[in-house]
Structures are given as structure tokens and as C-alpha cells.
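# An overview of the molecular structure
Here is what each chain is made of, one letter per residue.
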Amino acid sequence: MIDSIKENIKLNLESKYSGQSFVVESPKHGHADLAIPLFGLAKAWKMNPKLVFDKVKEDLDDPSIEKILFTNGFLNIFLHRNDYAIKVLNELNEFKSLADKNETVVIDYSSPNIAKSFSVGHLRSTVIGNALKNIYEKSGYKVVGVNHLGDWGTQFGKMIVAYNRLTKPLDLSKDPIKKLQALYVGFHEDAKEDPSLEVQAREVFKALENGNEAYLTLWKQFRDLSLEEFMNMYDILNVSFDAYEGEAFYNDKMDEVVTALDEKGLLKIDDGATIVDLGEDLPPALIKRSDGATLYLTRDLAALKYRHDHYGAKKVIYVVGNEQQLHFKQLTQVAKLLEYPVEIEHVNFGLVMLDGKKMSTRGGKTKRLEDVILQAINDAKDAITEKNPSLSQKDEVAKAVGVGAIVFNDLKNERHLNVDFSLENMLKFEGQTGPYLQYSSVRIESILKDTKIDMDKVDAQVYAGDIYFELIKLLDQFQSNIIRAKDLNAPSVIAKYAISLAQAFNSFYGQQKVIVDDLTILNSNLYFVKTIQLIINECLNLLGIKSLKEM
Ligand code: ARG
């Protein structure tokens, strides 16, 4: 609301004083609702600030303005509080999403590699990507969430060679990923002794690309078993995708890209391999190996074209760790040479740290990520049982709290920073945590319980008091925070906003009795806290965290 008032005032003044631009600010903890700094104008017009004030004041006729004061070189604007407050509350209660942008964005996230364990990096990608998907949808975009599974490449040649060398059949009915991963590790050990295995693996992958039935059957088995495990994880995290189009999906779509590169005269043969020269600043892009096998980059080019042609994507967002920076620079550069009309954005992120060291769930020794999440759910259950022994549906609640804690802990900091992974800290009911937000919402739920708001009794006059009005202004920042989160691809913007809202509510509630005898104040209060709860829940939702009615 305030943003449109601001914009109106600015445009109005600028149309009156053509050629002159005006700054309209929202002072942080100011005494005013809006302020126009006058020094610049005073200088430009060679007038003293007070005279500028008198002049500009005459031109301010916005009906939302109550009074205008001159203080310290600023023109300070105060809004009609009642009017503004009720408009903010009503607008938020009707809000579904920002205006339709009529534009499709593909978000590529999670994208784990089959036959390998789901890494901490993939968890970050999943959580950040899922939140971005929600944020873009709220911002009025059509979003297609794609899981670009790593299900193709020479490593499958290696796995198949290793598998076929086994003397005893492998029982993949339990812990398939662990066993397949061990197979892969074993292959590398054996290949140190016998380098011809590497050659075999490449030949097998080439045959796989050419459709060898027996190899395809094995590959499909590896893929299905891995997906089953990944699905478990997505189920716990409550994350879904519009499409599982992994690298193998593009097997029949790469020729087209190679032909296009060829027709543009961009291909070069270097030591038998097919490359695109990217100039001084970037290493050449490898399109085909000397044996004709395609590469990760080739598949990403085919994927990019497909996402444009099939989904009509104008923009593709890749939520992938910092270590693939070079890959995405190369992809962007080749796409530019091909003149693909798609914007590419690599949304990168930092590491997860456990006790000051990079957390890893790869390899046999460390814990499986799924077990870490189950541990969080377990700990959450202990905490809620202690707090509320009679709670029904404890398991459901524990799951929402435990998973929410992990998700919030990931999203609360700027994404390029490392994340500290301490179950103890993230599960606290105070401070900047998921449980704190869920708890704040539940607290409001308990106020609202068994009441029905009589909207006829709501009187905006109540909201003119400072203690209400500050919160009204904060509520009014919801939409601008969605826009900022989208512009920066930063779910942390929403996470921080939600925390400030919950804190403001809890401090309000510490000072103000909500349930009172006066029916006007009572109903105004109820409408007010209900709207706060609505926005806290909306934020939780955007972040991919469940809100609760009880905990
Ligand atoms: N599978 C890759 C990995 O785990 C991530 C894929 C990201 N998406 C893409 N289109 N390259 O490292």
C-alpha cells in the first residue's frame, strides 16, 4: 500500500515539475510515514529548504495524507492512520499473488545423481529451489520445477562394467544406493591396477548411448532404485517437481544442438574431441569426446533448448553449488553464441558446516542425510512432548517442526554463505528458528480459537495507536519483500521478514491485551492478530515450511 502511495506522490510531483526528479523515502524508525529530502531541491532551485518545503507542500494533494511537517531539511508526510491501516489489512486478507507476469520460468533444483547418495549440497538445492518456486509463483510467474537428475554419463559405463564383473549377484533390495556407490568406488580401485577397465567403461557408455538393450535394462534398474530413495527424501521434505527430466531425457535431443553449433561454424576439433572455443577468458566447451560420447554440458545445452521450446521459458534458474560456476559460465556463453533467447541464472550457495567442518554425508562412514533429518524429527518430538504432553497428532507435528527447523536454518542466511548445522540450535523455540515462527502462529491460533470476528465491529481508529501502527507498516511490507526475494533469488529476505514480524507480534502481545470486554476493541484486535498470523503462515508457506494449529 505504502509503495503505491509513494509512487503516486513521486509521479504527481514529477509531472508538475517536469525534468525534476523527487525522492520519496520511508524513514526506518522515523517520526514520519514518508519523507522527501529537500537539500537537493534547494540546491537545484537555489532556494532555502524551508521555501522549497512551502512550495512543494502546496502541490501535495494525495488524499491519503493527513499532515505535512518541515523538520531538519525534510518534508515529512503523515498518513491518515485509520484509513491506511484498514486498507492494508483488507488488502492482505484478499491477497492471492502479485499481478500475472505472463512469463514462464524454469527452476532446475535438487537434481541429484543416481546411484550416488543424496548430498548435503543437494539438500540445499532442494530447499532453496523449492522456496524460489513458491516465491516466483507468488510473484505472478508460471513456474516449471524440473529435477535434472544426473542419470547419464560415463559413470554409468563404469557402474555397468563393475556390475558385470561381479562374481556374486548384488542384492539391491536393501540400501541400493549405498551398494551401487560402493561398486563405483570399487571400480576406481580396480582401474588403478587395470587401466583397460576405463576404456571398457567408455565403450559401454557409448553402447548405452546407442541403445544397447542389456545395458539399458541395468541402467534403468539403477535409476529406479535410486529414485525410490530420493522420493522418500522428497516426501519427508514435502517437496515436489513438475518434471523429472534428467540428463538421459536429452539423449535424443543432443544431435540438434550439435548440428546448430556446426551450422553456425562454432565447432572445432581439438585432439579428436569436438569443442567450442570460448576465447581468452574461458576454457573451451567440450561438446563431444573423441569417441563421440556426449558430455554434461552437451546435455545442458539440449535441456536449455527444450525448456525454451517446450515450456516457453524466458528464464532458467539453476540452483547449484558454487563449484559449478565455470560450467554455468560456459553454458551461458555457448547459449549466447547459439542466440538462444533465454536468460540463464546460476543461483549458487555455500556449504553446510558441522562443528566448523564441511558436513558430508557421502561415503560410507558418515551418517545418511535421511537419518539426520529423522533425528531432527525425533528431537522435535521430545521438545513438543515436554512442552505440551497432551498434544494430539504428535508425529505429524514433530515432522513439521523438525523438517521446518532444518529448512528455516538453511534459508535464514544469505544463500551464498555457509550454513551452520546444529540440530540443537535450529530446534530452539526462541531466536531465529523455524519452530519460533510456527510457535508464534500457534500462539495467535490459541487467541483466535473459539472466536468469530464480527467485521461490523472492527473500528480502524484502534489501529491509529503507535503500538498497532508500527505493525501495520510492517505488515504492509509483505509484498515488497516478495518482490525483493524474487529479484535477488533470495528466500532469506522472506525468512528475515517473517522473523521480524513474529518478533513484533510477540512484543505487541506482551504489551497489549487482545481479548477485552469492549466489543469494538476486541473485534479490531482479533482482525489485526488474525492478519499477522495469515502473513506469518504465508511466509512459512513460501519457504516450504508447514504452519501448525497446535504444537
Ligand atoms: N546433477 C548435478 C550434480 O549433482 C547437478 C545438476 C544441476 N542442473 C543442471 N542443469 N546442470 O552436481
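Now for a look at the structure at hand.

The rules behind each value
Throughout this description, residue numbers start from 1 for each chain and increase along the sequence as written. Reporting in this predicted model follows two pLDDT cut-offs: at least 70 for local features of residues, and 80 or more for side-chain atom pairs to be given and counted; totals over whole chains, interfaces and linings ignore these cut-offs and use all residues. Water and hydrogen atoms play no part in the side-chain values, which are based on all heavy atoms of the structure. Residues enter a nonpolar core if they are buried and are Ala, Val, Leu, Ile, Met, Phe, Trp, Tyr or Cys, with the set joined through side-chain atoms within 4.5 Å. For every residue, the accessible area (1.4 Å probe, protein chains only) is compared with the maximum for its type, and the residue is labelled buried under 20%, exposed over 50%, or partly exposed between those bounds. Here a helix means four or more residues in a row that DSSP labels H or I, a strand means two or more in a row labelled E, and each is numbered from the N terminus. Contact between two residues is taken to exist if any of their heavy atoms lie within 4.5 Å; hydrogens are not considered. Two strands are counted as paired when DSSP detects at least two bridges linking them. To get an axis, a line is fitted to the C-alpha atoms, and for a helix only the part in contact is used. The angle between two axes follows their N-to-C directions and goes from 0 to 180 degrees. Each angle receives one of four descriptions, namely roughly parallel if under 35 degrees, roughly antiparallel if over 145, roughly perpendicular if within 65 to 115, and oblique otherwise. All amino acids are sorted into three groups, where Ala, Val, Leu, Ile, Met, Phe, Trp, Tyr, Cys and Pro are nonpolar, Asp, Glu, Lys and Arg are charged, and the leftover types, Gly among them, are polar.

### Things to note about the nonpolar core
One finds Ile9 and Tyr463 to be the most contacted residues of the largest nonpolar core, which totals 155 residues. At 12 residues, helix H20 (residues 519-543) tops the list of elements feeding residues into this core. Those residues in contact with Ile9 that sit more than four places away from it in its chain are Val24, Leu34, Ile36, Leu60, Asp62, Ile65 and Ile77. With 32 residues, the next largest nonpolar core counts Leu261, Val276, Ile287 and Leu301 among its residues.

### Some words on the sheet that holds strand E11 (residues 352-354)
Ordered in space as E12-E11-E13, the three strands form an open sheet in which the pairing is mixed. Where the open sheet ends on each side, the last strands, each with one partner, are strand E12 (357-358) and strand E13 (419-420).

### Topic: the packing of helix H7 (residues 176-193) against helix H8 (residues 196-209)
At a minimum axis separation of 7 Å, H7 and H8 run at an interaxial angle of 130 degrees. Relative to H8, the element H7 lies oblique. Every residue of H8 that contacts H7 at Phe187, His188, Asp190 and Ala191 is listed here: Leu197, Glu198 and Ala201. Considered class by class, the residues forming the contact of H7 with H8 number four nonpolar, one polar and two charged.

### Notes on the sheet that holds strand E6 (residues 267-270)
Ordered by their spatial adjacency, three strands build an open sheet running E6-E7-E8, and the pairing between neighbours is antiparallel. Unpaired on one side and paired on the other, E6 and strand E8 (285-288) mark the two borders of the sheet. Sheet twist, expressed as the average angle between the axes of neighbouring strands with direction ignored, equals 45 degrees. Inspection of the sheet shows strand E7 (residues 273-276) paired to E8 by three bridges, in the antiparallel sense. Looking at E8, one finds that Thr274 is bridged to Lys288.

### Observations concerning unusual backbone geometry
Note: most residues except glycine have negative phi, and most peptide bonds are trans. In this model, Asn102 sits at a positive phi of 55 degrees, which is unusual for a non-glycine residue. Note on Asn102: relative accessible area 70%, which makes it exposed. Although it is not a glycine, Asn238 adopts a positive phi angle of roughly 60 degrees. Tracing the sequence through the fold places Asn238 in the loop between helix H9 (213-237) and helix H10 (254-263).

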